[in-house]
Amino acid sequence: MNEETMGNLTIRHNALCAEEFILLWESVWGKAPSLEQTRLAMAHTLFRVSVFDGDRIVGMARMIGDLGLDYYIKDVIVLPEYQERGIGRHMIRELLRFVEENGVPGTNIAVELCAMPDKIPFYEKFGFRANEAQRLRLMYEVKES
Ligand SMILES: CC(C)(COP(=O)(O)OP(=O)(O)OC[C@H]1O[C@@H](n2cnc3c(N)ncnc32)[C@H](O)[C@@H]1OP(=O)(O)O)[C@@H](O)C(=O)NCCC(=O)NCCS
């Protein structure tokens, strides 16, 4: 884990835990996934960024993928009262720096994400562009054994 500061805020790398993830998720999106699912997800995330005001988590973002071909940005959240202060921008830049540091030199790498229409202008600021592909999703129910 490493740490840097942004004004009074602390930025942490690879420290985001499942409990913090759930807290932030529920602050904007309602009921979060289970602790067990979230712990597994944190353990298998390539790179996690979290932002703290003192000991309060106020922002998170994570990058999943395979390092070689595919990088995918997930779960970018800033607490409502901390939005519009540059935290989201800082986190996206950190995720893109991770690609810069880990991608195969001399190659072009697709970094993807899924965004609601009202968030597209935020991502366009970093160069993301929507294409004609549509997101297909199946919420697969894993049966109890
Ligand atoms: C989207 C989100 C992460 C942006 O974070 P933020 O910390 O408020 O963003 P920043 O303050 O870093 O904004 C950076 C720039 O994007 C702009 N911006 C932020 N949200 C925007 C939006 N929804 N539409 C257009 N521009 C936006 C800011 O005005 C700023 O512009 P500037 O560079 O011209 O000054 C935040 O609003 C959020 O957490 N929303 C709820 C969760 C969510 O929907 N996440 C996205 C999932 S796809």
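Here the structure is a predicted model, which is why all the values come from computation and not from measurement. (Residues numbered from 1 in each chain as written. Predicted model: local features only at pLDDT ≥ 70, side-chain atom pairs only at ≥ 80, totals over all residues. Heavy atoms only, no water.)

**Notes on a nonpolar patch on the surface**
Part 1 of the argument: Taken together, the side chains of Leu138, Tyr140 and Val142 define a hydrophobic patch exposed on the protein surface, amounting to about 420 Å² of accessible area.
Part 2 of the argument: Along the chain, the position of Leu138 falls in the segment after helix 4 (120-124).
Part 3 of the argument: Residue classification places Leu138 among the exposed positions, given a relative accessible area of 65%. (Patch = residues over 30% accessible without salt bridge, like charges linked within 9 Å, V, L, I, M, F, W, Y side chains within 5 Å. Areas by Shrake-Rupley, 256 points an atom, 1.4 Å probe, with all protein chains shown as cover. Salt bridge = Lys/Arg side-chain N within 4 Å of Asp/Glu carboxyl O. Helix = DSSP H or I, 4+ residues; strand = E, 2+ residues; numbered from the N terminus. Buried < 20%, exposed > 50% of the residue type's maximum accessible area, 1.4 Å probe, protein only.)

**Thoughts on the pairing of strand 3 (residues 47-53)**
Part 1 of the argument: For strand 3, a buried count of six out of seven residues is recorded, marking the element as mostly surrounded by other parts of the structure.
Part 2 of the argument: Pairing between strand 2 (residues 9-13) and strand 3: five bridges, direction antiparallel. What sits directly across from Leu9, in strand 3, is Asp53.
Part 3 of the argument: As paired strands, strand 3 and strand 4 (residues 56-65) are joined by seven bridges and run antiparallel to one another. If you follow Phe52 over to strand 4, its bridge partner there is Ile57.
Part 4 of the argument: Where strand 3 folds back onto strand 4 in an antiparallel hairpin, the turn is made up of two residues, including Gly54, whose phi is positive at roughly 65°. (Pairing = 2+ DSSP bridges.)

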